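# Coordinate inspection notes
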Amino acid sequence: MQIHKYETIIVGAGGAGMRAAIEATKRSRTAVLTKLYPTRSHTGAAQGGMAAALANVEEDNWEWHTFDTIKGGDYLVDQDAAEILAKEAIDSVLDLEKMGLPFNRTPDGTIDQRRFGGHTRNHGEAAVRRSCYASDRTGHMILQTLYQNCVKEGVEFFNEFYVLDLLINEGRTAGVVAYELATGEIHIFQAKAVVFASGGCGKFFKVTSNAHTLTGDGQAVAFRRGLPLEDMEFFQFHPTGIWRMGILLTEGARGEGGILRNKDGERFMERYAPVMKDLASRDVVSRAIYTEIREGRGCGPDGDHVYLDLTHLPPEQLDAKLPDITEFARTYLGIEPYTDPIPIQPTAHYTMGGIPTNVEGEVLSNNTDVVPGLYAAGEVACVSVHGANRLGTNSLLDINVFGRRAGIAAAAYAATHEYVELPESPESEVVRMVEDLRQSTGSERVSEIRTALQETMDVNAMVFRTEATLKQAVADIAELKERYKRVSVQDKGRRYNTDLLEAVELGNLLDLAEVLAVSALARKESRGGHYREDHPNRDDVNFMRHTMAYREEGADGTVSIRLDYKPVVQTRYQPMERKY
Amino acid sequence: MSTATVDQPADAAPAAAPSVDRIAITVRVRRFNPEVSAESAWVDYQIEMDPKERVLDALHKIKWEIDGTLTFRRSCAHGICGSDAMRINGRNRLACKTLIKDINPDKPITVEPIKGLTVLKDLVVDMEPFFQAYRDVMPFLITTGNEPTRERRQSAKDRERFDDTTKCILCAACTSSCPVFWNDGQYFGPAAIVNAHRFIFDSRDEGGEQRLEILNEQEGVWRCRTTFNCTDACPRGIEVTKAIQEVKRALITRRF
């Protein structure tokens with residue numbers, strides 16, 4: 001076992017982690033611990049753009065962006081946070097440009113912008129061009145640019161280090177425990193400040209745009225240490241995943257003029273969202289697609305998908321603006337998007353909920369108190385700027401605005417505080433977990449439990465939910481957690497034991513899936529990405545509040561989830577019925 | 001070199017979708033685990049797959065249903081994160097962008113680690129020398145003078161000039177396909193030069209001269225023998241050899 005000492009530790013090297021690292025490295029002795037090489041992070045898979053009211057191509061302002069974000073989130077957004085997001089968006093985009101990001105350009109050389117779902121002019125009048133983009137690989141360019149600037153700033157990385165525990169001593173942050181994949185060695189990182197930026201947890205669904213590695217590690221570690229998870233029932237299903245595979249096809253395809261069609265060739269979104277049509281918010285479009293499928297207007301022999309039609313767009317436009325996603329269609333489906341529509345279905349995409357933070361990125365231990373020295377940013381966190389449904393292009397924005405804020409705040413905290421003493425035998429929990437898994441002779445396989453988890457989540461906790469389906473999900477997950485106690489791995493070695501790593505990741509997914517299902521069961525209303533067929537309306541009287549889920553361990557060792565609620569911060573916008 | 005054969009267990013998971021025609025394939029993987037043996041060995045796995053699935057899916061099927069010790073890197077599974085470059089039927093490719101039907105499933109599909117980097121376990125290689133070469137070319141925007149308040153202006157034409165090399169995902173498929181890199185561990189390799197190109201030809205950048213001096217050194221761009229392996233290997237379709245030639249030309253003319 002090795003012990004390291006850094007003032008600031010950042011967990012995760014996607015967009016939020018590296019944006020935080022650039023700030024923290026300038027201000028404190030910083031290290032980034034990441035289970036993947038930084039450029040492998042899933043920020044790189046984001047395509048369509050990053051929202052900011054630059055007004056480069058038409059009139060726009062941050063107040064309109066704030067309103068759209070709050071409405072898009074079905075009024076579960078904390079309005080003070082949304083205002084910060086929209087205001088700081090402008091400098092965030094300009095900062096990235098100055099760091100070297102190769103945005104697409106307007107004829108006069110400024111950053112070009114395009115339309116995206118839910119982003120409107122003057123509070124919903126019509127779609128506005130607000131998404132700053134680099135072809136259909138904006139996330140790739142953000143990830144590369146941030147890594148390039150980490151190289152420039154000399155950021156210190158520990159690559160393929162997997163953080164398995166958070167050390168808190170008498171309520172204050174003391175550091176983290178990590179497992180080095182190459183050697184199997186345990187490392188203690190003592191730190192004054194820790195920033196979690198480890199991404200989402202979409203891999204508990206089967207059809208998902210998420211990477212294999214998006215297993216909610218940060219959320220699970222925090223939850224096990226008694227910290228709450230906020231609004232985990234709100235999960236975004238992106239309307240256009242490649243049929244069966246779930247690979248993301250950007251909303252920018254519809255921003256460029258692409259149209260969704262059912263088996264009759266009808267542009268069905270006109271019936272669901274007369275103004276914004278195909279560019280309504282993602283929850284609205286995903287429900288519309290499944291309604292078409294359920295009512296028998298789906299495409300293909302099984303009627304289980306609809307089409308994304310780009311055939312009316314000039315090939316030059318597709319080549320210039322959507323080269324990657326058209327190549328995905330060719331590679332994975334053998335379809336030529338110039339001439340044929342692309343079969344799509346909604347795909348599990350984004351975790352709106354997460355570790356609760358305030359606008360400085362400080363992690364909350366309850367509705368009001370922070371954990372001194374602990375920060376979170378990006379998809380792992382819930383500020384909450386996305387509320388019940390995130391707008392497209394607001395996640396690349398979120399990681400930059402709140403990644404930067406968390407990095408600055410963490411380093412400032414480190415500069416003014418002493419190290420907290422490490423708790424006694426800080427590695428014990430991790431050693432026990434890892435060795436139990438390594439030495440287990442149980443009969444259960446990781447892959448079988450994971451597949452069963454993904455199947456119950458797809459069937460019972462996806463776009464449409466009811467009390468019955470969610471109860472089924474809770475029961476299934478409980479059974480799978482029992483089976484997980486008997487899970488074993490075949491690889492007993494120390495070197496690059498990815499078999500063991502997958503077992504740990506599955507444990508995280510099971511814990512978080514349970515939080516999602518329990519939180520969703522209790523929310524007897526429909527709001528944003530959480531749709532209850534047995535409670536189809538939004539209920540502001542009883543549910544205009546954030547869910548706060550806590551892990552509770554009884555005196556007899558039994559573990560349960562306790563739900564509490566936190567008020568939504570409202571400033572200037574009164575809730576209205578949401579129409580697009 | 002020994003050849004072991006592992007059969008698929010009888011209780012393998014059922015097919016994911018009903019309308020799929022599965023075919024029997026053999027995946028022949030170059031296995032190496034120094035914890036077990038100092039020698040590497042080919043191991044055959046017989047599995048059933050939908051030909052429209054990826055080689056990565058086949059590797060997962062082996063790992064998840066037959067042998068959990070099989071080790072490889074992967075993340076996004078659709079060709080954007082750059083984790084799973086490997087040598088498939090003798091060619092560098094991403095396992096997640098290679099469909100089984102596109103590589104003749106009638107014969108055993110061979111899967112080996114990429115060449116020129118130290119193999120650590122099975123398909124996992126030491127990426128550190130690769131990233132060090134990348135870092136050595138100063139892969140970041142270098143500017144002088146005061147920062148503008150708004151964005152730096154760049155014409156669409158100037159932006160287009162380096163578009164191709166911005167696509168790089170640092171998967172190392174190009175560098176580890178380069179015979180010069182195999183024989184000379186000091187050569188920067190195509191990926192590092194591609195990433196230098198991305199900045200040298202960016203109209204906003206003022207570090208071109210510094211980068212060219214680095215690439216002008218003994219182990220720099222002149223080692224390239226224009227074999228086009230790198231261009232063939234690039235899963236992002238970057239014209240790698242052309243980019244290297246443009247850097248060479250810039251070194252001679254000092255115009256870029």
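Residues numbered from 1 in each chain as written. Chains lettered and ligands numbered in written order. Predicted model: local features only at pLDDT ≥ 70, side-chain atom pairs only at ≥ 80, totals over all residues. Heavy atoms only, no water.

### Notes on the pattern of salt bridges
Residues and elements named next belong to chain A. Note the cut-off: Salt bridges are counted wherever a side-chain nitrogen of Lys or Arg sits within 4 Å of a carboxyl oxygen of Asp or Glu. For helices the rule is a DSSP run of H or I covering at least 4 residues; for strands it is a run of E covering at least 2, with both sets numbered from the N terminus onward. Residue exposure (1.4 Å probe, protein chains only): buried if accessible area is under 20% of the type maximum, exposed if over 50%, otherwise partly exposed.
Within this structure, the stated rule accounts for 80 salt bridges over all chains. Aspartate 74 is the partner of arginine 578 in a salt bridge, and the nearest nitrogen-oxygen pair spans 3.4 Å. Of this pair, arginine 578 sits in the segment after β20 (559-567) while aspartate 74 sits in the loop between α2 (62-72) and α3 (79-99); the two residues are 504 residues apart in sequence, bridging distant segments of the chain. The class for arginine 578 is buried, based on a relative accessible area of 16%. Under the relative-accessibility criterion, aspartate 74 is labelled buried at 6%. In this structure, arginine 114 engages glutamate 256 in a salt bridge whose closest nitrogen and oxygen atoms are separated by 3.0 Å.

### Overview of the sheet that holds strand β11 (residues 235-242) of chain A
Residue and element names in this part refer to chain A. Stated precisely, the cut-off is as follows: For two strands to be treated as a pair, DSSP must find at least two bridges joining them. An axis is simply a line fitted to the C-alpha atoms; with a helix, the fit covers only the stretch in contact. Between two such axes, the angle follows the N-to-C directions and lies from 0 to 180 degrees.
Taken together, four strands build an open sheet; the order of strands is β11-β14-β13-β12 and the sheet is antiparallel. The open sheet has two edge strands with one neighbour each: β11 and β12 (259-261). Ignoring which end each strand starts from, the neighbouring axes of this sheet average 45° apart. As judged from the three bridges shared by β12 and strand β13 (residues 306-309), these two strands associate in the antiparallel manner. The partner of arginine 261 across the bridge, within β13, is tyrosine 307.

### Examining the domain arrangement of chain A
Residue and element names in this part refer to chain A. For clarity, the threshold we go by: All domain edges in this entry derive from an automatic or database-based domain assignment. Between two residues, a contact is recorded if the distance between any of their heavy atoms is within 4.5 Å. Here's the idea: put two parts together, see how much 1.4 Å probe accessible area each one loses, and the total over both is what we call buried area. What qualifies as a polar contact is a pair of N or O atoms within 3.5 Å, subject to a donor-acceptor requirement within protein and to the restriction that residues adjacent in sequence count only when both atoms come from side chains. Residue classes follow a fixed rule: Ala, Val, Leu, Ile, Met, Phe, Trp, Tyr, Cys and Pro count as nonpolar, while Asp, Glu, Lys and Arg count as charged, and any other residue, Gly among them, counts as polar.
Examined at the domain level, chain A breaks down into domain 1 (235-349) and domain 2 (428-544). If you average the C-alpha positions of domain 1 and of domain 2, the two centres end up 29 Å apart. With 10 residues of domain 1 in contact, the opposing surface of domain 2 contributes 10 residues. Buried surface at the junction of domain 1 and domain 2, both sides included, amounts to about 880 Å², of which 68% is carbon and sulfur. Counting the surface domain 1 buries against domain 2, the share from its top three residues, Phe237, Arg287 and Arg294, is 57%. In this structure, the salt-bridge partner of glutamate 533 is arginine 294, at a minimum N-O distance of 2.8 Å. The tally of links from domain 1 across to domain 2 stands at two residue pairs in polar contact (both at pLDDT 80 or more). Elements supplying a minimum of two residues to the side of domain 1 that touches domain 2: β11, α8 (282-294) and β14 (342-351). With six residues, α8 is the largest single contributor of residues to the side of domain 1 that touches domain 2. Classifying every residue of the side of domain 1 that touches domain 2 by side-chain character gives five nonpolar, two polar and three charged.

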